[in-house]
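# Survey of secondary and tertiary structure
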Amino acid sequence: MPEVNVASLAAQPYATLEGLRGACPVARAVGPDGAPFWLVTRYADVAAGLADPDLSLDRRNATPGQYHGLSLPPALDANLLNMDAPDHTRVRALAARAFTAQRVEALRPSIQQAADELIRGFAARGEADLVADYAAPLPILIISQILGVPAPDRSDFRLWTDAILAASADPAAAKAAMVQLTGFLGRLVADKRTSPGADLLSDLVQARDENGSLSEEELTSLAFLLLFAGYENSVHLIGSSILALLDHPDEMKRLLAQPELLEGAIEELARYDGPAPLAIRRFPTRDVEIGGTRIGAGETVMLSLAAANRDPARFPEPDRLDLQRSTGGHVALGRGAHYCLGAPLARLELQIAVDTVVRGLPGLRLSVPRDDVRFRPSIRTRGLTALPVAFDAGDGRQPQLQEGRQ
Ligand code: HEM
């Protein structure tokens, strides 16, 4: 069986995945650390794998030498993406209350206000890097507000997260960032213990201290995952979505003319170029068969969400961005027991972020040649390093909404 070329998977993910899906839909691959895994690329196999309780996320079910993904210290590692039921069910239920559709909808005004303020901060300049100036600060602000991270600590958090994500490029910097982040979360939990606020982390500390429903490591790991997942995927999806619209001016015009398309449009943007090309690694708890290939218990299985979302057997003409297509069943946010806990927040943030940019920055265009717009060279994460744009300088207000707001 031919082995997957991981370098081309990082450099040209969609072409590589298409080739694999046709020739070898369950393929052998070797991760950046030299450890092997199976890569699954057909929609039907990926969707079934995501919902299969025999595919464990608990690293203790892995045989030694298999690809494990990020190695984290214990205070960050006891998180939902490393757990199976019943522990997973118990911990998830504690955080889930904060992310119901109703609780998230109540955040709409503050997310809109944050997006408006960011745009106004650079609207007069006529140019910006929409990753650094907009897509990154917006989700950090929102998840920090939900969890109760004080404003002065938010920029440090972004530096640490970025260093951890670039672990394969600079392992020493990633390790140092993990130590700092662990210390920071420990101090934050201690602060919430002595002076609780009206935030999710204070609620979780209370759940731990009063009902014993969480261990201390589960508490810090949950805080870490919410911060990390709430930031990493959102910043990348906002950036890629704006780029996809710039690449498809007719679709951008359609969205401007028909605001009612927004809800469906963001589902298509997530399907088309989502930030998580691979689900978290999974380990079969018994020998299994996926797409006709036998996989032994404890071997690493990587389900490709990007390949599934571009499978023509599920989405006709999958490489075409079509904001009006039916996207039902896309797996950009996962599926099954580990389905994205923050999905309602992710959707609302993306709706507001995209809508505010396309309406608030008239004449929006790239300010560098298209070939100079780069994605991070990673198989785990699909995200832009920068998105340099130009636009007609103004005050950043959305023309259609100005009257209603004044
Ligand atoms: C914006 C785009 C986002 C995307 C595309 C995304 C995608 C995903 C995916 C694919 C998974 C499942 C991983 C797997 O099963 O292997 C997941 C899980 C998760 N996401 Fe998101 N996510 C996003 C935003 C968020 C936000 C804003 C938060 C929250 C604050 C969040 C919190 C989580 C958590 C806690 C889990 C683990 C759930 C569990 O294991 O039960 N995500 N996400």
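Residues numbered from 1 in each chain as written. Predicted model: local features only at pLDDT ≥ 70, side-chain atom pairs only at ≥ 80, totals over all residues. Heavy atoms only, no water.

Named according to an unreviewed UniProt entry, the protein chain is Cytochrome P450 originating from Streptacidiphilus fuscans.

This next bit is on the overall build of the protein chain. Along the backbone of the protein chain there are 18 helices and 10 strands. Taken along its principal axes, the extent of the C-alpha atoms in the protein chain is 60 × 55 × 40 Å. Taking all 406 residues of the protein chain together, the buried fraction comes to 53%. The long-range fraction of contacts in the protein chain, counting pairs at least 24 apart against all pairs at least 6 apart in sequence, stands at 72%. Separation between the mean location of the 41 positive side-chain charges and that of the 51 negative ones in the protein chain comes to 1 Å. (Helix = DSSP H or I, 4+ residues; strand = E, 2+ residues; numbered from the N terminus. Buried < 20%, exposed > 50% of the residue type's maximum accessible area, 1.4 Å probe, protein only. Contact = heavy atoms within 4.5 Å. Lys, Arg positive; Asp, Glu negative; His and termini not counted. Charge placed at Lys NZ, Arg CZ, Asp CG, Glu CD.)

Moving on: the coordination of the iron atom of the ligand. For the iron atom of the ligand, the sole protein-derived donor is Cys-340 (SG), lying 2.3 Å away. Its location among the elements puts Cys-340 in the loop between α16 (305-309) and α17 (343-360). (Donors = N, O, S within 2.8 Å, 3.2 Å for Na, K, Ca; no water.)

With that settled, consider helix α3 (residues 43-50). In terms of burial, α3 is largely enclosed, as 6 of its 8 residues are buried. Listed as buried for α3 are Tyr-43, Asp-45, Val-46, Ala-47, Gly-49 and Leu-50. Residues of α3 that are buried make contact with β1 (26-30), β2 (36-40), β3 (55-56), β6 (288-290), β8 (301-303) and α16.

In the region of the ligand, 28 residues are neighbours, and His-88, Arg-92, Arg-282, His-338 and Cys-340 sit closest. Here an oxygen atom of the ligand and a backbone polar atom of Ile-280 are 2.8 Å apart. Separating an oxygen atom of the ligand from a side-chain N or O atom of Arg-282 is a distance of 2.8 Å. Counting only elements with at least two residues in the shell around the ligand, the list comes to α5 (87-96), α13 (216-247) and α17. It is α13 that contributes the most residues to the shell around the ligand, 7 residues altogether. Residues of the shell around the ligand, tallied by class, amount to 19 nonpolar, 7 polar and 2 charged. (Near = heavy atom within 4 Å. Polar contact = N/O pair within 3.5 Å; in protein donor to acceptor, adjacent residues only side chain to side chain. Nonpolar A, V, L, I, M, F, W, Y, C, P; charged D, E, K, R; others polar.)

Take the sheet that holds β1 next. Strand order in the open sheet formed by 3 strands is β1-β2-β8, with mixed pairing between adjacent strands. Two strands bound the open sheet, and with one partner strand each, they are β1 and β8. Going from strand to strand, the sheet's axes swing by 35° on average, the running direction of each strand aside. As paired elements, β1 and β2 share 5 bridges and run antiparallel to each other. Looking at the pairing, Ala-27 lines up with Leu-39 of β2. The sheet contacts of α3 involve β1, β2 and β8, and relative to β8 the element is tilted by about 115°. (Pairing = 2+ DSSP bridges. Axes fitted to C-alpha atoms, helices over the stretch in contact; angles between N-to-C directions.)

Turning next to the packing of helix α12 (residues 200-211) against α13. Helices that pack against each other are described as a pair by the angle of their axes relative to one another and the distance between those axes. Contact geometry for α12 and α13: axes closest at 10 Å, N-to-C directions at 160°. Comparing their axes, α13 and α12 come out roughly antiparallel. Note on packing geometry: the crossing formed by α12 with α13 is right-handed. On the side of α12, the interface is formed by Leu-200, Leu-201, Leu-204, Val-205 and Arg-208, while α13 contributes Glu-216, Leu-219, Leu-222, Ala-223 and Leu-226. Tallied by class, the residues present in the contact of α12 with α13 amount to 8 nonpolar, no polar and 2 charged. (Parallel < 35°, antiparallel > 145°, perpendicular 65-115°, else oblique. Left-handed = near helix turned anticlockwise from the far one by under 90°.)

This part is about the environment of Ile-143. Among the secondary structure elements, Ile-143 is positioned in helix α9 (residues 137-147). Classification of Ile-143 as buried rests on a relative accessible area of 1%. Distance from Ile-143 to Gly-230, taken between C-alpha atoms, is 6.1 Å for residues 87 residues apart in sequence. Among all residues touching Ile-143, those that are not within four sequence positions of it are Phe-99, Leu-226, Leu-227 and Gly-230.

As a further point, take the packing of aromatic side chains. A complete count under the given rule lists 6 aromatic pairs for this structure. Their ring planes at 50° and their centres at 6.1 Å tell us that Phe-122 and Phe-391 sit as a pair that is tilted. Pair noted here: Phe-122 is in helix α7 (residues 108-122) and Phe-391 is in the loop between β10 (388-390) and α18 (402-405), with a separation of 269 residues, a long-range link. Among the residues examined, Phe-122 registers a relative accessible area of 3% and is labelled buried. In this structure, Arg-310 is placed above the aromatic ring of Tyr-272, and the distance from its NZ or CZ to the ring centre is 4.4 Å. Positioned over the ring face of Phe-375 is Arg-382, at 3.5 Å from the centre of the ring. (Phe/Tyr/Trp six-rings, centres within 6.5 Å; stacked < 30°, edge-to-face > 60°. Lys NZ or Arg CZ within 6 Å of the ring centre and 35° of its normal.)

So, on to the packing of α9 against α17. At their nearest, the axes of α9 and α17 sit 11 Å apart, and the two run at 140° to each other. Classified by the angle their axes make, α9 and α17 are oblique. The way α9 lies across α17 gives a crossing that is right-handed. Contacts from Leu-138, Pro-139, Ile-142 and Ile-146 of α9 reach α17 at Leu-345, Glu-349 and Ala-353. Each residue belonging to the contact of α9 with α17 can be placed in one class, and the counts come to 6 nonpolar, no polar and 1 charged.

What follows is about the nonpolar core. Membership of the largest hydrophobic core comes to 92 residues, with the highest contact counts inside it found for Leu-130, Tyr-134 and Leu-364. Per element, the largest residue contribution to this core is 17 residues, and it comes from α13. (Core = buried A, V, L, I, M, F, W, Y, C linked by side-chain atoms within 4.5 Å.)

This brings us to the pattern of salt bridges. Pairing is possible between side chains that carry opposite charge, provided their charged atoms lie close to one another. A full pass over the atoms with the stated rule returns 25 salt bridges. Here Arg-208 ties to Glu-216 by a salt bridge, and the two come within 2.6 Å at their closest N and O atoms. Residue Arg-208 is classed as partly exposed on the basis of its relative accessible area, which comes to 25%. Looking at Glu-216, the relative accessible area reads 31%, which means it is partly exposed. When salt bridges that share partners are traced, they join Arg-193, Arg-208, Asp-209 and Glu-216 into one network. (Salt bridge = Lys/Arg side-chain N within 4 Å of Asp/Glu carboxyl O.)

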